[in-house]
Amino acid sequence: MGENREQETCCLENGAGVCGCTEDIPSRPYRMVLLGAPGAGKGTQAELLCEKLKTCHLSTGDVFRAVKCRDGKELSPAMKAALDFMQRGELIPDDTVIAMVRDRMSYLSCEYGFLLDGFPRTLYQAEALTEMLSSQALKLDAVLDYTLPPEEVIARLSGRRTCRSCRATFHVIHKPPRLQKICDKCGGELFQREDDRPESIRVRLEAYNRSTAPLTDYYSAKGLLLTISAEGSPEEIFNRTLLALKEKV
Ligand code: AMP
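Heads up: these notes are all about the structure in this document. All values derive from a computational prediction rather than experimental measurement.

Conventions used here
Residues numbered from 1 in each chain as written. Predicted model: local features only at pLDDT ≥ 70, side-chain atom pairs only at ≥ 80, totals over all residues. Heavy atoms only, no water. Helix = DSSP H or I, 4+ residues; strand = E, 2+ residues; numbered from the N terminus. Buried < 20%, exposed > 50% of the residue type's maximum accessible area, 1.4 Å probe, protein only. Contact = heavy atoms within 4.5 Å. Areas by Shrake-Rupley, 256 points an atom, 1.4 Å probe, with all protein chains shown as cover. Salt bridge = Lys/Arg side-chain N within 4 Å of Asp/Glu carboxyl O. Near = heavy atom within 4 Å. Polar contact = N/O pair within 3.5 Å; in protein donor to acceptor, adjacent residues only side chain to side chain. Nonpolar A, V, L, I, M, F, W, Y, C, P; charged D, E, K, R; others polar.

### Side note on the overall build of the protein
Right, so step 1: In terms of helices and strands, the protein carries 11 helices and 8 strands.
Right, so step 2: Considering the protein as a whole, with its 249 residues, one finds that 49% of them fall into the buried category.
Right, so step 3: Long-range pairs, those at least 24 residues apart, make up 73% of the contacts in the protein with a sequence separation of at least 6.
Right, so step 4: By element, 51% of the accessible surface of the protein is carried by carbon and sulfur atoms, the whole surface being about 12500 Å².

This is the structure in structure tokens:
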């Protein structure tokens, strides 16, 4: 996944995204979407799932954060506006996000399957995804919806710290790094994402409840929804996920 992220940065330089899967092709590709309030641990589960099932990971949040690291002068007005929305914790306009995913069609058609993390986030985006997939004669296998009470979401997000280099996440109380502000994995600097500050968390939760939560009905009607409790340790949640997938797929 680290390699994918490196690749992502150079793809952005080139203006288009190509997935970087190079391992042996899995015997069965899984095509999945992750849903769940911010802080439910989608990123951690995505990492565990990709490692186990060898799927290709596309996180729209990671792509926008990577864009943000570039020199501001190179950004288009639409992208600058998008990053302002992101900083406030608000959703980026649908058309900007959909255009970015369309540029990365190779992730969707990847023979390793894919795991979409953070997309779709609105009904309009979900319909665009359905259309993008059917244009490639592809079908989703499952939509994993991670559920967590709001007070637990706030506690998790406000204590989260992210590595600037490898994007690994820690928690000041539940998963502190060995050295303060230093990543255990790569020695990079840990920081608090702007949208993990309390004022942005509230806005993100409202946006989630208003725009993304209704997607559960959309995917439930298609028989794709798997609801998974996001309480407990990452390993417990992961085991629940694998069990749910085994029953469904
Ligand atoms: P995430 O890392 O998935 O929590 O995304 C971080 C931020 O990126 C969100 O709060 C939004 O501002 C923006 N973003 C990421 N994905 C989307 C999306 N599918 N639609 C709209 N905004 C998005």
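That shown, we press on.
### Topic: unusual backbone geometry
Right, so step 1: Residue Pro120 is reached from Phe119 by a cis peptide bond, and omega for that bond is 0°.
Right, so step 2: Mapped onto the elements, Pro120 comes out in the loop between strand 3 (113-117) and helix 7 (123-135).
Right, so step 3: Despite not being glycine, Ala137 has its phi angle at roughly 55°, a positive value.
Right, so step 4: Within the secondary structure, Ala137 sits in the loop between helix 7 and strand 4 (142-147).

### Observations concerning the pattern of salt bridges
Right, so step 1: Here the structure, examined in full by the defined rule, presents 13 salt bridges.
Right, so step 2: Of the charged contacts in the structure, one is a salt bridge between Arg204 and Asp196, with a shortest N-O distance of 2.8 Å.
Right, so step 3: By sharing partners, the salt bridges in this structure join Arg160, Arg193, Asp195, Asp196 and Arg204 into a single network.

### Considering the site of the ligand
Right, so step 1: Neighbouring the ligand are 15 residues; Thr60, Arg65, Glu90, Gly118 and Gln125 lie closest to it.
Right, so step 2: In the model, an oxygen atom of the ligand is placed 2.8 Å from a nitrogen or oxygen of the Arg65 side chain.
Right, so step 3: Contacts to the ligand include Arg121, whose side-chain N or O atom sits 3.0 Å from a nitrogen atom.
Right, so step 4: Considering the ligand on its own, with 480 Å² of exposed area, one finds that the protein chains cover 96% of that surface.
Right, so step 5: In terms of residue count, the dominant contributor to the shell around the ligand is helix 3 (residues 60-68) (3 residues).
Right, so step 6: Taken together, the residues that form the shell around the ligand break down as 5 nonpolar, 4 polar and 6 charged.

Don't take any of this as a statement about function, it's just geometry.
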